[in-house]
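Tertiary structure, described
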Amino acid sequence: MNHRHTFSDTASVGQAHLRIMSTTDLHMQIYPYDYYGDHTTDTVGLARTAAHIVAGREQATNSVLVDNGDFLQGTPMGDFVAADRNNGRTKPHPMITAMNTLRYDVGTVGNHEFNYGLDYLKWVTSGAAFPMISANLIESRGDAPLDDTPVLPPFVILDRDITDGSGAIHRLKIGFLGLLPPQIMTWDRPHLEGKVTTRDIMQTARAYVPHMKKLGADIIVLLCHSGIDSAHEYDGMENAAIPLAQIEGVDALVTGHLHMVFPSPQFDHIDAVDSRRGLINGKPAVMAGTGGSHLGLIDLLIERKDGTWTVIDSRVEARPIYERDETGAAIPLVDSVTEVLDAVEPDHLNTLEFARRAVGQTAGPLHSYFSLISTDRSMELIAEAQRRYVIDALAGTEYAHFPVLAAVSPLKSGGRGGPENYSSVPAGILAMKNVADLYPFPNRICAVRITGEHVLNWLERASTVFNRITPSTRDQMLRSPLAPAYLFDVLFGVTYQIDLSQPARFDSAGNLVDPSAHRIRNLSFNGTPVTDSMEFIVVTSDYRANGGGRFPGADGSTVIFEGHDLSIDILTRHIRTYGVVAEKSPPNWSFAPLGGTPVIFETATAAQQHLHELAHLNVKDVVKSASGFAQIKLVL
């Protein structure tokens, strides 16, 4: 593993090897530990990624280490530290402590950095021993991007001595530009509105890249907390890596946000992308998974001629911390770095104590193994808590007589997160870790006032997580790889069917693509068909109510109530007050029959212990795949 990179060995006079190492979407995974299940894990943890960082420095003559954002939220440790800060905490944030220990050179912020508020983020970044940058997060907008007043420094130019192939020392100015999705103003509006704003990613980059060149940057790297998606540029892009790579002067891109890996076959279908060599429009780019699952490596061979440095060759790799054997089990490839573990051990132990506090009991297990094929008891529990909270809040108001529905999506349901990414709470004592397992995001509650037409289209939008199924064709995959499970909102309070023989009305991004398509059948409220003119209150998260996922009727304009409590706190109080009813209600939704068509649904292997819960469905077979998932054959 510690052999020198070929660029370090072959660089000649005036040529140098520059390695850019990157992490992205760490989501508070420092220890290789699953705080929800309360056990160690081999698939995540910056302490493990650190082994690749140490080796990566040894393999390269010159290197830098960067983080691409979404490091602050994602595990009970993130919630514990936020609560500890409210109690007067003064020592630095543990993720910043870990990054300082590993000597990061620069970092940027992603969308989840704002989940605990802007003041909290400013406190966190103040402890960093390296610059934190973001160009399109601004306090006030000027006539052009360079006239904006940024919250953080928009870019940094690192002035470094590098060694070329002959051993000679040269001065190299490495420019880094930070970019984030402008949608944060929607997703975290309660935290950000009136305090900051954002600017379009492409507009910002086009202004800053030539500016950085004028200031002397020899090499420019984009730290874009933005994914690889559409090659078509449009204003307000969320995932803009492909058009960003076309900007003149950009030498390399660190991407993220999607929790995917690049280079990898996952992007084979995109014309502008070379998913084998790690190139986007000919520029080297990397995406290092999530939770520290990979270390991103961009190796540049640069050459100096006539006073100018030019990239003449590149290599890209997303180096994993684990692999799966033939049974799908995760096998670690590296050990944790002790210095990182030691640096944050007090917070790790305090998090365990915090996570193990009892809040109630459940007579039956709660899990998300079947949340995409049947009404899920864990989702139903969340819906009960949120619906009761809003009904109490609206009592005595003009909205008290409206029917109240609750929209809940599966927050941990395999997919890009892998076969371990499921909620699983055994029967017995419920601890904070279990509640956080059921609701891992620091969202707040909102309620929107919408029509029956919106309700129907809300469900049409949710159905895009499924592939279109051709009746009588065997073993088609049920779940679409393009749409994450958190887009699958179940609306509790109505009953309905989903007809997967029909095309989707919306695409995975929420665009209306087929106005004539209708997958939702037999939509009813209290046994009465829902009509377009009916009115409802829908309880949902602040993320969804303010446009997250682009659901019809949820764009911020229909909000009639905003709660100040976190969803996890609402759920905790509900469990303490009302307990957990073991019996599951009859399913409120189902798939429309398709004449006995067999489809394949992937879930965790542990789901096989709960197949009796699917007695109302036609399950024919269950097999374990090399990917680590169990595949259930379901007959529609």
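First, a word on what this report is: a plain description of the structure on this page. (Residues numbered from 1 in each chain as written. Predicted model: local features only at pLDDT ≥ 70, side-chain atom pairs only at ≥ 80, totals over all residues. Heavy atoms only, no water.)

1. Some points on the overall build of the protein
Keep this limit in mind: Secondary structure follows DSSP: runs of H or I at least 4 residues long count as helices, runs of E at least 2 residues long count as strands, and numbering of each begins at the N terminus. Both definitions apply: the radius of gyration is a C-alpha atom measure, and the globule rule equals 2.2 Å times residues to the power 0.38. Charged residues are defined here as Lys and Arg on the positive side and Asp and Glu on the negative side; His and the ends of the chain fall outside this count. To locate a charge, take NZ of a lysine, CZ of an arginine, CG of an aspartate or CD of a glutamate.
Check the secondary structure of the protein and you find 15 helices and 38 strands. Relative to the globule expectation of 26 Å for 636 residues, the C-alpha radius of gyration of the protein, 25 Å, shows essentially globular dimensions. Dimensions of the protein, computed from C-alpha atoms along their principal axes, come out at roughly 80 × 55 × 50 Å. Positive and negative side-chain charges in the protein, numbering 52 and 72 respectively, have mean positions lying 1 Å apart.

2. So, the environment of Leu491
What counts, and what does not: Between buried and exposed lies partly exposed: a residue is buried under 20% and exposed over 50% of the maximum accessible area for its type, with that area taken using a 1.4 Å probe on protein chains only.
Positionally, Leu491 belongs in strand S29 (residues 490–492). Exposure remark for Leu491: the relative accessible area of 0% places this residue in the buried category.

3. Remarks on the sheet that holds strand S11 (residues 197–198)
Selection criterion: Two strands pair if DSSP finds at least two bridges between them.
Read across the sheet, three strands follow the order S8-S7-S11 without closing on themselves; strand pairing throughout is antiparallel. Either end of the sheet is taken by a strand with one partner, and the two such strands are strand S8 (149–150) and S11. Across two bridges, strand S7 (residues 137–140) lies against S11 in antiparallel orientation. Note on S11: the bridge partner recorded for Leu137 is Thr198.

4. Concerning the environment of Arg387
Let me state the cut-off plainly: Note on contacts: a residue pair qualifies if any of its non-hydrogen atoms lie within 4.5 Å across the two residues.
Secondary-structure assignment places Arg387 in helix H11 (residues 377–394). C-alpha separation for the pair Arg387 and Cys224, spaced 163 residues apart in sequence, amounts to 38 Å. Setting aside residues up to four positions removed in sequence, Arg387 forms contacts with Val404, Ala406 and Val539.

5. Let's talk about the pattern of salt bridges
Counted only if it meets this: For salt bridges, the criterion is a side-chain nitrogen of Lys or Arg within 4 Å of an Asp or Glu carboxyl oxygen.
Inspection of the entire model under this criterion finds 27 salt bridges. Lys412 serves as the salt-bridge partner of Asp437, at 2.7 Å between the closest nitrogen and oxygen. Residue Asp437 is located in helix H12 (residues 432–438), and its partner Lys412 is located in the loop between strand S24 (404–408) and strand S25 (424–425); the two are separated by 25 residues in the primary sequence. Residue class for Lys412 comes out buried when judged on its relative accessible area of 9%. Each of Asp159, Asp161, Arg171 and Lys173 takes part in salt bridges that share partners, so that together they form one network.

6. Quick notes on the packing of aromatic side chains
Note the threshold: Only Phe, Tyr and Trp rings are paired, with Trp represented by its six-membered ring, and only when their centres lie within 6.5 Å; those with planes under 30 degrees apart are stacked, over 60 edge-to-face, the remainder tilted. Remark: a charge is flagged as sitting over a ring if the NZ atom of Lys or the CZ atom of Arg is within 6 Å of the ring centre and within 35 degrees of the ring normal.
Scanning all chains against the criterion turns up 17 aromatic pairs. Taken together, a centroid distance of 5.5 Å and an interplanar angle of 90 degrees make the contact between Phe262 and Phe267 edge-to-face. An aromatic cluster of at least three residues, connected via ring pairs, comprises Phe466, Phe488, Trp589 and Phe591. Between Arg388 and the ring centre of Tyr578, over which it is positioned, the NZ or CZ distance is 3.8 Å.

7. Quick look at the side chain of Asp376
Within the secondary structure layout, Asp376 lies in the loop between strand S23 (366–367) and H11. Once you skip the residues sitting within four places of it in the chain, Asp376 turns out to touch His367, Ser368, Ser371 and Phe492.

8. A look at H11
Going by this rule: Expected span of a helix: the number of residues minus one, times 1.5 Å.
For H11, with 18 residues, the first-to-last C-alpha span of 25 Å sits near the 26 Å given by 1.5 Å per residue. Within the span of H11, buried status applies to Arg377, Ser378, Met379, Glu380, Leu381, Ile382, Ala383, Ala385, Gln386, Tyr389, Val390 and Leu394. Trailing H11 by a residue or two, Gly396 shows a phi angle of about 85 degrees, which is positive.

9. Structural notes on helix H2 (residues 46–59)
An ideal rise of 1.5 Å per residue puts 20 Å on 14 residues; H2 measures up with 19 Å between its terminal C-alpha atoms. Three or more residues of H2 are buried, namely Leu46, Ala47, Arg48, Thr49, Ala50, Ala51, His52, Ile53, Ala55, Gly56 and Gln59.

10. Comments concerning the pairing of strand S27 (residues 444–451)
Here S27 runs beside strand S34 (residues 559–566); their pairing, made up of four bridges, is antiparallel. When the bridges of S34 are listed, Arg444 appears paired with Leu566. Strand direction decides the pairing type here: S27 and strand S33 (residues 535–541), joined by seven bridges, are antiparallel. The residue bridging Val448 from the neighbouring strand is Val538, located in S33.

11. Some words on the packing of helix H4 (residues 94–101) against helix H10 (residues 338–355)
Cut-off, in case you're wondering: As a rule, the C-alpha atoms of each element are fitted with a line to give its axis, helices using only the stretch in contact, and angles between N-to-C directions run from 0 to 180 degrees. These descriptions rest on fixed angle ranges, namely under 35 degrees for roughly parallel, over 145 for roughly antiparallel, 65 to 115 for roughly perpendicular, and the rest for oblique. Handedness of a crossing follows from how the near helix is turned relative to the far one, being left-handed for an anticlockwise turn of less than a right angle and right-handed for a clockwise one. All amino acids are sorted into three groups, where Ala, Val, Leu, Ile, Met, Phe, Trp, Tyr, Cys and Pro are nonpolar, Asp, Glu, Lys and Arg are charged, and the leftover types, Gly among them, are polar.
Axis separation between H4 and H10 bottoms out at 9 Å; the angle between their running directions is 160 degrees. Classed by the angle they form, the pair H4 and H10 counts as roughly antiparallel. Handedness of the crossing formed by H4 with H10: right-handed. Taking contact as the criterion, the partners of Pro94, Thr97, Ala98 and Thr101 in H4 are, on H10, Glu339, Val340, Ala343, Val344 and Asp347. Per-class residue counts for the contact of H4 with H10 are five nonpolar, two polar and two charged.

12. Brief notes about the pairing of strand S17 (residues 283–288)
S17 sits mainly inside the fold: six of its six residues count as buried. The alternating pattern of S17 places Lys283, Ala285 and Met287 on one face and Pro284, Val286 and Ala288 on the opposite face, and all of these are buried. Across three bridges, the pairing between strand S13 (residues 252–255) and S17 is parallel. Looking across to S17, one finds that Val254 is bridged to Val286.

13. Focus: the sheet that holds strand S32 (residues 528–529)
Pairing within the open sheet is mixed, and its four strands lie in the order S32-S31-S30-S35. Only two strands of the sheet have a single partner each, and these edge strands are S32 and strand S35 (589–591). Across two bridges, strand S31 (residues 520–525) lies against S32 in antiparallel orientation. Each bridged residue has a counterpart across the sheet, and for Phe525 the counterpart in S32 is Thr528. Contacting strand S30 (495–498) and S31, helix H13 (residues 452–462) crosses the sheet at an angle of about 135 degrees to S31.

14. Description of the side chain of Gln29
Among the secondary structure elements, Gln29 is positioned in the loop between strand S1 (15–23) and strand S2 (33–34). Look at Gln29 and you get buried, because its relative accessible area is 14%.

15. Let's talk about the packing of H11 against helix H15 (residues 567–578)
One can describe the packing of H11 onto H15 by two numbers: an axis separation of 9 Å at closest approach and a directional angle of 95 degrees. In this view, H11 runs roughly perpendicular relative to H15, as classed from their interaxial angle. Note on element contacts: H15 touches H11 through Ser567, Ile570, Leu571, Arg573, His574, Ile575 and Tyr578, opposite Leu381, Ile382, Glu384, Ala385, Gln386, Arg388 and Tyr389. Its residues assigned to classes, the contact of H11 with H15 shows eight nonpolar, three polar and three charged.

16. Points about the environment of Tyr234
Considering the arrangement of structural elements, one finds Tyr234 in the loop between strand S12 (219–224) and helix H9 (241–244). Between the C-alpha atoms of Tyr234 and Met202, which are 32 residues apart in sequence, the distance is 8.8 Å.

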